[in-house]
Every structure is written in structure tokens, then in C-alpha cells.
Amino acid sequence: MDYKNAGVDIEAGYKSVELMKEHVKKTMRPEVLTNLGGFSGAFSMEKFKDMEKPTLVSGTDGVGTKLKLAFIMDKHDTVGIDCVAMCVNDIACAGGEPLFFLDYIACGKNVPEKIADIVKGVAEGCIQSDAALIGGETAEMPGFYPEDEYDLAGFAVGVVDEKDLITGKDLEPGDVLIGMASSGVHSNGFSLVRKVFDMNRDSLNTYYEELGTTLGEALLAPTKIYVKALRQIREAGVKVKACSHITGGGFYENVPRMLKDNTVAVIQKDSYTVPPIFRLMAEKGNIEEHMMYNTYNMGIGMVLAVNPEDVDTALKAIKAAGETPYVIGHIEAGEKGVVLC
């Protein structure tokens, strides 16, 4: 008896590391002091010492049951983007600049080419957010996961000068809400998605005219990363007074998290076009509107509040970063919460 006969292939682990190195290399920043394969990742803080009060911000998350679609479609090179996005978007909406990322992959069987595909997506997410992929772990766990399945989670660390933290404390009635378009469902609510649609290859390969693509491709579209757009806004001289990453819980749970007491966010549902994947889902699943807005991003992945005089500059900066912005509402005085009208 040996470890391989017990279900853990050490040689496959070595091969996975070799295959992923080319992807990891593309994410490197000058501050990275260690190479892939060490026991830890080291990152220099030297360039941030001139901040008045350098403050670390962090985020951790996974991809959730969206992975089930990747298994069925046997497509593994985009879920890593989702994993990075869920972490770095949280850091960015606090005003932070993501610095580095670590991933954790647990699988039933280590297929080196599949693991490399997953890490390729993680690396692409890091490139999109200018974060370095400085380490990670691939755990082969036979008997715990089915051979063809895996889980993916990650952890990111960023930095911000304390005075530049986005907290919502300066929010005022009259401030304008800007939404940035999502790419679709992103990485939340897939337990409901999987109840609405048949989760088999034929169903996911079905082409929908209204989607302009197959159902599987529409659902597997990776989460948007808004790091560069928020940086562009900051560099344009606009102060983001409050910011919310629209994840699980949709508008009703996430928007209030950006507000201070005695302020209410008023959002106009007709201020932008809801992507067809959400309309299709609501129709097929007979899901009432409130539940849709309480579960999904409904086409808006990030919401931010700015002074009215900064709106045009902010919109221009977001467009320059390659994202699509909408003026979706405003702040009023009232009981803390969100009103969709």
C-alpha cells in the first residue's frame, strides 16, 4: 500500500505546479519577494510607507455552486476569475488597492491539466485587478469529493491610506448613485439558478435568441472586476462617499451596508436595462420581482455614491476603464434602507 493507491497522487501535484507556473508568472508585482512553491508568500510593504496611515483590507470568498455548471460543461478556465472578483471587489469598495491573492483548490482527484486551467482563471482575475498570485494550495481529498469535482476559494489582501477608506460617513441627502453594469449573474444565487433550469449538458448547450448565446455560456460568464474602474474614479479626483458590491442578497441586503444611519438609497429600476438572463430566469422559475432583487445583482454589480457635481467626471472615468455606468438613483433622508421604485 502507498499514498497513490490510497488516492493521492503526489506526482500529479508536482505536475500541477509546473503547469500553473506560466500563468502565475503573469501576475507578478515588484513587491513579491518569493517564488511559487515555497512555504509562504512574502510581499514588501516598502512602497506604501509614505502613506499617512497605511491600512490593510482583506477579503475571502469562494465561487459557490456555480462550480456545478463548470463540472457539467467541463469548462474550468473562468471560475478562477469569479473567485478573485468576489474578494478584490470587496476590497475595492472599501477604497483599497488589492495587493496579493492566494487560492485554495480541494479536489477528489488531481488532474494536472484541469488544475492548471482553474489557476489560469485565477491568474486572469489577478491580472484584471493588478494583484499578485503569491501562493495557494491544491488538496487532493479522495473520498471527500467525487473524482470529477472540486471546490475553489481564495483570500486577498489590499492596502489603503486610512483617510481614504470608503465608509459612508460623509453620505448626504442629494448624493447621486451610480451603478456599474454586471456581466450577468456573477457568482451568487446559483442554488436557485440550478432549480430553475435543468442542469445537464443539453440544457446548458441550448441557444437562446434573447441571450445571444447558450444558457451555459450566459450563466458561466465570469464576475466583473471593478478594481480598475474605482481606481480610475479616484485618479480623476472624485471622492466615492459610499460603495456597495452587489453580491448574494442583491439590492435589499447589500445597498444598506453602504449607508449611514438616517439615509435611504432610492433606486429607479427603469434607469438601466435589466439583462435578459434575469428576465428569462424570473419567467422560467416563476420568481416574483422582489425575490429577484433580493437574490441577484439584476445587472448592476457595484453601486457608488458621489456628490452631484462629480457625476459627469465619475461616469467618464468608469467608461475610460471599460465599464458601463448608469445613474440609478440618489440618497434621501429617512430610515436606513433601500427603496426600489
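What counts as what
Residues numbered from 1 in each chain as written. Predicted model: local features only at pLDDT ≥ 70, side-chain atom pairs only at ≥ 80, totals over all residues. Heavy atoms only, no water. Pairing = 2+ DSSP bridges. Helix = DSSP H or I, 4+ residues; strand = E, 2+ residues; numbered from the N terminus. Axes fitted to C-alpha atoms, helices over the stretch in contact; angles between N-to-C directions. Contact = heavy atoms within 4.5 Å. Core = buried A, V, L, I, M, F, W, Y, C linked by side-chain atoms within 4.5 Å. Buried < 20%, exposed > 50% of the residue type's maximum accessible area, 1.4 Å probe, protein only. Polar contact = N/O pair within 3.5 Å; in protein donor to acceptor, adjacent residues only side chain to side chain. Parallel < 35°, antiparallel > 145°, perpendicular 65-115°, else oblique. Left-handed = near helix turned anticlockwise from the far one by under 90°. Nonpolar A, V, L, I, M, F, W, Y, C, P; charged D, E, K, R; others polar. Salt bridge = Lys/Arg side-chain N within 4 Å of Asp/Glu carboxyl O.

Q: Mind showing me how you'd approach the sheet that holds strand S1 (residues 54-62) here?
A: Within a sheet, adjacent strands bond to each other through the backbone by hydrogen bonds, running parallel or antiparallel. Spatially, four strands are ordered S1-S4-S2-S3 in an open sheet, and the strand pairing comes out mixed. One side of each edge strand has no neighbouring strand; the edge strands of this open sheet are S1 and strand S3 (132-140). Neighbour-to-neighbour, the strand axes of this sheet turn through a mean angle of 15 degrees, independent of strand direction. Note: S1 against strand S4 (residues 150-161), nine bridges, orientation antiparallel. Following the sheet pairing, Asp61 is matched in S4 by Gly154. Together, S1, strand S2 (97-107) and S4 form the strand contacts of helix H3 (residues 79-92), whose direction differs from that of S4 by roughly 30 degrees.

Q: In this structure, what is going on with the sheet that holds strand S11 (residues 325-333)? I would like to understand it.
A: Pairing is mixed in the open sheet, where six strands are placed in the order S8-S10-S5-S11-S9-S12. The sheet is open, and its two borders are formed by strand S8 (242-245) and strand S12 (337-340), each paired with just one other strand. Taken over all neighbouring pairs, the strand axes of this sheet differ in orientation by 25 degrees on average, direction set aside. Here six bridges tie strand S5 (residues 176-181) to strand S10 (residues 300-306), and the two strands are oriented antiparallel to one another. In the strand pairing of S10, Val176 is matched with Val306. Along the sheet face, helix H12 (residues 311-320) touches S5, S10 and S11 and points at about 10 degrees away from the line of S5.

Q: Help me understand the nonpolar core in this model?
A: As a rule of thumb, nonpolar side chains are buried together in soluble globular proteins. Counting 94 residues, the largest nonpolar core has Leu219 and Met281 as its most contacted members. With nine residues, the single largest contributor to this core is H3. Apart from the residues within four sequence positions on either side, Met281 is in contact with Val185, Val193, Val196, Phe197, Asn286, Ile287, Met292 and Tyr296. Grouped together as the second largest cluster of nonpolar side chains are nine residues, Val32, Phe100, Ala132 and Ile134 included.

Q: Would you take a moment to explain the side chain of Arg29 for this structure?
A: Along the chain, Arg29 turns up in the loop between helix H1 (10-25) and S1. Only 3.5 Å separates the side chain of Arg29 from the backbone oxygen of Pro98, close enough to count as a polar contact. With residues near it in sequence (within four places) discarded, Arg29 still touches Phe43, Lys47, Phe48, Pro98, Leu99, Asp130, Ala131 and Ala132.

Q: I tried to follow the environment of Val274 on my own but got confused; where do I start?
A: Tracing the sequence through the fold places Val274 in the loop between strand S9 (263-267) and helix H10 (276-285). Take Val274: its relative accessible area is 7%, and that puts it in the buried class. In this structure, the C-alpha to C-alpha distance between Val274 and Ala94, residues 180 residues apart in sequence, is 26 Å. Once residues within four sequence positions are removed from consideration, Val274 is found in contact with Arg279, Tyr293 and Met298.

Q: Quick question: what am I supposed to make of the packing of H3 against helix H4 (residues 112-129) here?
A: Any two packed helices are characterised by how steeply their axes cross, that is the angle between the axes, and by the distance between the axes. At a minimum axis separation of 6 Å, H3 and H4 run at an interaxial angle of 40 degrees. As the angle between them shows, H3 and H4 are arranged oblique. Handedness of the crossing formed by H3 with H4: right-handed. Contacts between H3 and H4 involve Gly80, Ile81, Val84 and Val88 from the former and Ile118, Gly121, Val122, Glu124, Gly125, Cys126, Gln128 and Ser129 from the latter. Its residues assigned to classes, the contact of H3 with H4 comprises six nonpolar, five polar and one charged.

Q: Explain the pattern of salt bridges here, please?
A: Oppositely charged side chains may form a pair once their charged atoms are brought near each other. Considering all chains together, one arrives at 19 salt bridges under this definition. Between Asp130 and Arg231 there is a salt bridge, with its nearest N and O atoms 3.0 Å apart. Placement of the pair is Asp130 in the loop between H4 and S3 and Arg231 in helix H8 (residues 227-235), with a sequence separation of 101 residues. The class of Asp130 is partly exposed, set by a relative accessible area of 30%.

Q: Honestly, the packing of H1 against H4 in this entry has me stumped. Any pointers?
A: Where H1 meets H4, the closest approach of the two axes is 8 Å, and the angle between their N-to-C directions is 30 degrees. On the basis of the axis angle, H1 is roughly parallel to H4. Judged by the sense of rotation from one axis to the other, the crossing of H1 with H4 is right-handed. Note on element contacts: H4 touches H1 through Pro112, Glu113, Ile115, Ala116, Val119, Lys120 and Ala123, opposite Ala12, Lys15, Ser16, Leu19, Met20, His23 and Val24.

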